[in-house]
Amino acid sequence: MNYDINLLVHKLADVHSLSLEEYEALITDCNPESSRLLRELAVKTRRAIFGNDVYIRGLIEISNICRNDCLYCGIRRSNSNCERYRLTPDEILACADEGYGLGFRTFVLQGGEDSYFNDDVLGGIVRSIKSNHPDCAVTLSMGERSFGSYRYLRECGADRYLLRHETADPEHYSRLHPSEMSYSNRMKCLHNLRELGYQVGCGFMVGSPFQTVRNLSEDLKFIETFKPEMCGIGPFIPHKDTPFRDYPSGTLEMTCKLLSIIRLIHPPVLLPSTTALGTIDPLGREKGIMSGANVVMPNLSPVSVRKKYELYDNKICTGEESAQCRECLSNRMRKIGYEIVTGRGDFSAVRENSR
Ligand code: SAH
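To keep things clear, this report deals only with the structure shown in the data block. Note that this is a predicted model, so its numbers are computed, not measured.

## Considering the sheet that holds strand S2 (residues 58-63)
Okay, step 1: One open sheet accounts for six strands, arranged S2-S3-S4-S5-S6-S7; its pairing is parallel. Each edge of the sheet is formed by a strand with only one pairing partner; in this case those strands are S2 and strand S7 (230-235). On average, each strand axis in the sheet is inclined to that of its neighbour by 20 degrees, with strand direction left out of account.
Okay, step 2: One ladder, built from five bridges, connects strand S3 (residues 106-111) with strand S4 (residues 137-141); its direction is parallel. Along S4, the bridge assignment pairs Leu109 with Leu140.
Okay, step 3: Most of the contacts of helix H5 (residues 119-132) go to S4, to which it runs at about 155 degrees, and overall it touches S2, S3 and S4.

Below, the structure is given as structure tokens:
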């Protein structure tokens, strides 16, 4: 079947849905004119809801200790070259206090699946951040947990949860993960989080090993039906101490194109321009924003641990000079005509404002 790509782009902008075959055609097409149209409509769609505002989330990488063995990830449990660390609750609270002073109103606690952070410990941290800073949102990105655990953390005040689905194809999922992990549990977690009233983020890596164009269109279809409040995508980047060390990185072009498509599929989604995108191109995060993203996640972790939270090689912002990621990103955004805004930037609040 031959598609008129410009027509597909307009259709997506109008009805926010395409068939799997149509997504495939859109993904494979690389004529410059339709790419430009896609980007323009994505930016226009984003601007109609968010103006030139870019939201910031302060990322605190609380532990690189992980029970899982995801084949792509630099902090997988079998990487014996990884120097492990875990922040104490006091260190985490200090990061949040510092971030508050810098204007952050959302804190994202991310880490490996470290059993130290059981419900008591993690719940206690969430409670403390929420009581110290009642005007802030707390986002967790701590992997797969039980329904009861997600429920308890929600009761402690957690507002949002990021859990990338990684791929919407069970067969592809099983090639990226060890056999004790399953696509069905990943999906069950996402649905549990939603049921518990979290604002939920899914997402995937662009260019992960074995990924086909069909897989990507399945990811898009999943986003179209699940309608996540947030969606994290970034290029796969190999890590030297993983089985995927010799696979190539995902590309800037494909990541930006998918950001534009996701914006058109689900206009109000909170869509970060990720650190991984900034790692494969010095202006990657700017280009992500100019393709339709509207969130950046500066690093708030103590500089001493940033290098150790290395999911992939050459991660940016790990040196002494990067202590103030917020300033640096504000300047970068201003240069391209965008303004970083403080405020929680909730999915629902944003939608209210846009009515
Ligand atoms: N343990 C948490 C946090 C994982 S790290 C969880 O399971 O959700 C956050 C994300 O980093 C992962 O979901 C994955 O998509 C991404 N990531 C991991 N390794 C990567 C790599 N080599 N290149 C690019 N992204 C990677």
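## Here's the deal with the sheet that holds strand S1 (residues 53-56)
Hydrogen bonding along the main chain pairs the strands of a sheet, whether they run parallel or antiparallel.
Okay, step 1: One open sheet holds the three strands; their spatial order is S8-S1-S9, and the pairing between them is parallel. Strand pairing shows two members of the sheet lacking a second neighbour, strand S8 (295-296) and strand S9 (339-341), which therefore form its edges.
Okay, step 2: Two elements, S1 and S9, share three bridges in a ladder whose sense is parallel. Residue pairing across strands places Val54 opposite Ile340, the latter belonging to S9.

## Describing the packing of aromatic side chains
Okay, step 1: One pass over the structure, following the stated rule, counts 10 aromatic pairs.
Okay, step 2: Seen from their ring centres, Tyr161 and Tyr198 are 5.9 Å apart, and the 85 degrees between their planes marks the pair as edge-to-face. Of this pair, Tyr161 sits in strand S5 (residues 160-162) while Tyr198 sits in the loop between helix H8 (183-195) and strand S6 (199-206); the two residues are 37 residues apart in sequence, bridging distant segments of the chain.
Okay, step 3: By relative accessible area, which is 0% here, Tyr161 ends up buried.
Okay, step 4: Accessibility expressed as a relative area gives 3% for Tyr198, which makes it buried.
Okay, step 5: When the ring of Phe236 is compared with that of Phe244, the centres are 6.4 Å apart and the planes differ by 80 degrees; the resulting orientation is edge-to-face.

Analysis parameters
Residues numbered from 1 in each chain as written. Predicted model: local features only at pLDDT ≥ 70, side-chain atom pairs only at ≥ 80, totals over all residues. Heavy atoms only, no water. Pairing = 2+ DSSP bridges. Helix = DSSP H or I, 4+ residues; strand = E, 2+ residues; numbered from the N terminus. Axes fitted to C-alpha atoms, helices over the stretch in contact; angles between N-to-C directions. Contact = heavy atoms within 4.5 Å. Phe/Tyr/Trp six-rings, centres within 6.5 Å; stacked < 30°, edge-to-face > 60°. Buried < 20%, exposed > 50% of the residue type's maximum accessible area, 1.4 Å probe, protein only.

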